[in-house]
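# Structural features, examined
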Amino acid sequence: MTSHQPVDLVVVGAGIVGLAHAVDAVRRGLSVAVVERDERAVGASVRNFGHGCFTAQAGDALRYAMAARTAWLSLAKEAGLWLNEGGTVVVARADDEYAVLEEFGAARDGQVVLLDAREVAERAPVGPGVVGGAWLPMDVRVDPRHAVHAIAAWLARQGVRFHWATSAHLVEPDAVITGRGRIEAGRVVVAVGHHVDRHFPDLAEREGLRRCALHMLRVADPHGRRVDPAVLSGFSLLRYAGFTACPTGPALRERLESEHPALTGIGLNLMFTQRPDGDLIIGDTHAYGGTFDPFKDDDLDRHVLDETARLLGAARLTVRERWRGVYASAPGPFLVAAPMPGVRVVSVTSGIGMTTALGLAPEVLDDLLG
Ligand SMILES: Cc1cc2nc3c(=O)[nH]c(=O)nc-3n(C[C@H](O)[C@H](O)[C@H](O)COP(=O)(O)OP(=O)(O)OC[C@H]3O[C@@H](n4cnc5c(N)ncnc54)[C@H](O)[C@@H]3O)c2cc1C
């Protein structure tokens, strides 16, 4: 079997979680190899909104998010990747949605700017029925289709060795066995996203790991207008821990579930971000399982398109692309496990990997490197 030159750290998986560990290891002066089974990353890390949704997190996720914010800002400069510091606008179209934002603002001194309906419309294209909103100025956006590729290219320039189109078959305490040979390693980080369940099924079962499938679309911008912030809706207030912890969060959930059972039933998080070329990434829906049927029900897209058109105040939307993304999901927001000495399995199990991975990785490596 071919034996590659040994390194201090082997990372399996070139999504944002794997690359976050490679970035931090390089900053510590370690030699690093990354093993990725595809020719380039095409997983959750390129299929998302590119939303650095830092402010709406809570607990450990908030700590990782704020560290990740600093890391994204430096990486954007060093790796030359596109990053927009326009924050997030949350659009409230009912008084109870605005009430949650008021409570959130009161709990987060200086991180939340409440907006009236006119101020919302100045920052984002919205249809009728807006009662107000909030601007979260610390949040950022990156272009998900390019960000991880730009980080990988930057890492390669720092001397990181990439083994593309190479599957890791077996992980040992001091080596990774791949389809193209053995790589001796001081330490190993396995960052295979939702594929943890296939590589470490017992661990996945113990942690209650499932897969979450999301449907997304890219549409032409109906207003031809630059939109700097990520735009969230009242449905988003049901999905991020910072919002759901607000005192009137449960009442809002009850109202939305009884008024919109079809939409809450598909786990709608109505939101959009604008790509650098002006098109909008819109979504999304959530379904949980172990293996997903390959045949997609068109009703999911219809709901997302109708609701986005309503949010934007557009008569109709022109679809350019559709795709499905999958991420790992579990009762806890992060999975960090040590199945054997010198090895960590790391997965963000709450759909916020772009927001948190760059803050999580340094803490994992602090522990792994002792
Ligand atoms: C539709 C959608 C929208 C989202 N929106 C956001 C957002 O706006 N903001 C946010 O913070 N988060 C968002 N998320 C979540 C975020 O994208 C994920 O948490 C994050 O990308 C997970 O990164 P990852 O590196 O773990 O997984 P991935 O990007 O899936 O990478 C895992 C990699 O491991 C590789 N791999 C697997 N097995 C092997 C093997 N045996 N050998 C070698 N390589 C292997 C895979 O090929 C893959 O490239 C979204 C997710 C989806 C799906």
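Treat the numbers as computed from the prediction; the structure is a model and nothing was measured.

The local shell around the ligand holds 35 residues, among which E36, S45, H51, H199 and T355 are the closest. E36 places a side-chain nitrogen or oxygen 2.6 Å from an oxygen atom of the ligand. A distance of 2.9 Å separates a nitrogen atom of the ligand from a polar backbone atom of H51. Protein contact buries 96% of the 1000 Å² of open area that the ligand shows by itself. Of all the secondary-structure elements, those providing two or more residues to the shell around the ligand are α1 (16–27), α2 (44–47), β13 (210–219), β18 (319–337) and α13 (353–368).

Looking now at the domain arrangement of the protein. Split into domains, the protein comes out as domain 1 (3–68 + 144–207 + 330–368) and domain 2 (84–140 + 210–327). For domain 1 versus domain 2, the separation of C-alpha centres amounts to 28 Å. For the pair domain 1 and domain 2, the summed buried area comes to about 2300 Å², and 56% of that belongs to carbon and sulfur atoms. Taken as a group, F49, T55 and R145 account for 32% of the area that domain 1 buries against domain 2, more than any other trio of residues on that side. Where domain 1 meets domain 2, there are 16 residue pairs in polar contact (both at pLDDT 80 or more). The set of elements that each furnish at least two residues to the side of domain 1 that touches domain 2 consists of α2, β3 (51–52), α3 (59–79), α6 (144–157) and α7 (196–199). Tallied by class, residues from the side of domain 1 that touches domain 2 come to 10 nonpolar, 10 polar and four charged.

All right, on to the packing of α3 against α6 then. The interhelical angle for the contact between α3 and α6, taken along N-to-C directions, is 65 degrees, at an axis separation of 10 Å. The angle between α3 and α6 places the two elements in the roughly perpendicular class. With respect to the hand of their crossing, α3 and α6 are arranged in left-handed fashion. Between α3 and α6, the residues in contact are W72, L75, E78 and A79 and A147, A150, I151, W154 and R157, respectively. The residue inventory of the contact of α3 with α6, partitioned by class, reads seven nonpolar, no polar and two charged.

About the criteria used
- Every chain begins its residue count from 1, and numbering advances along the sequence as written.
- Local features in this predicted model are restricted to residues whose pLDDT is 70 or higher, and side-chain atom pairs enter the listing and the counts only when it is 80 or higher, whereas totals over whole chains, interfaces and linings include all residues.
- Hydrogens are left out, water is left out, and the side-chain values use all remaining heavy atoms of the structure.
- We call a residue near a molecule or strand when any one of its heavy atoms sits within 4 Å of it.
- N or O atoms closer than or at 3.5 Å make up a polar contact, with two conditions inside protein: a donor-capable atom paired with an acceptor-capable one, and, for residues adjacent in sequence, both atoms drawn from side chains.
- In short, Shrake-Rupley with a 1.4 Å probe defines the accessible areas, and a residue's cover is counted only from the protein chains shown.
- Going along the chain from the N terminus, every DSSP run of H or I of four or more residues is numbered as a helix, and every run of E of two or more is numbered as a strand.
- Segmentation into domains, and thus their bounds, comes from an automatic or database assignment.
- Here's the idea: put two parts together, see how much 1.4 Å probe accessible area each one loses, and the total over both is what we call buried area.
- Each residue receives one of three labels: charged for Asp, Glu, Lys and Arg, nonpolar for Ala, Val, Leu, Ile, Met, Phe, Trp, Tyr, Cys and Pro, and polar for the others, Gly being one of them.
- To get an axis, fit a line to the C-alpha atoms, keeping to the stretch in contact for a helix; angles then go from 0 to 180 degrees between the N-to-C directions.
- Note on terminology: angles under 35 degrees are roughly parallel, angles over 145 are roughly antiparallel, angles of 65 to 115 are roughly perpendicular, and the others are oblique.
- The handedness criterion is simple: a crossing whose near helix is rotated anticlockwise from the far helix by less than a right angle is left-handed, and one whose near helix is rotated clockwise is right-handed.
- We call two residues contacting when some pair of their heavy atoms lies within 4.5 Å.

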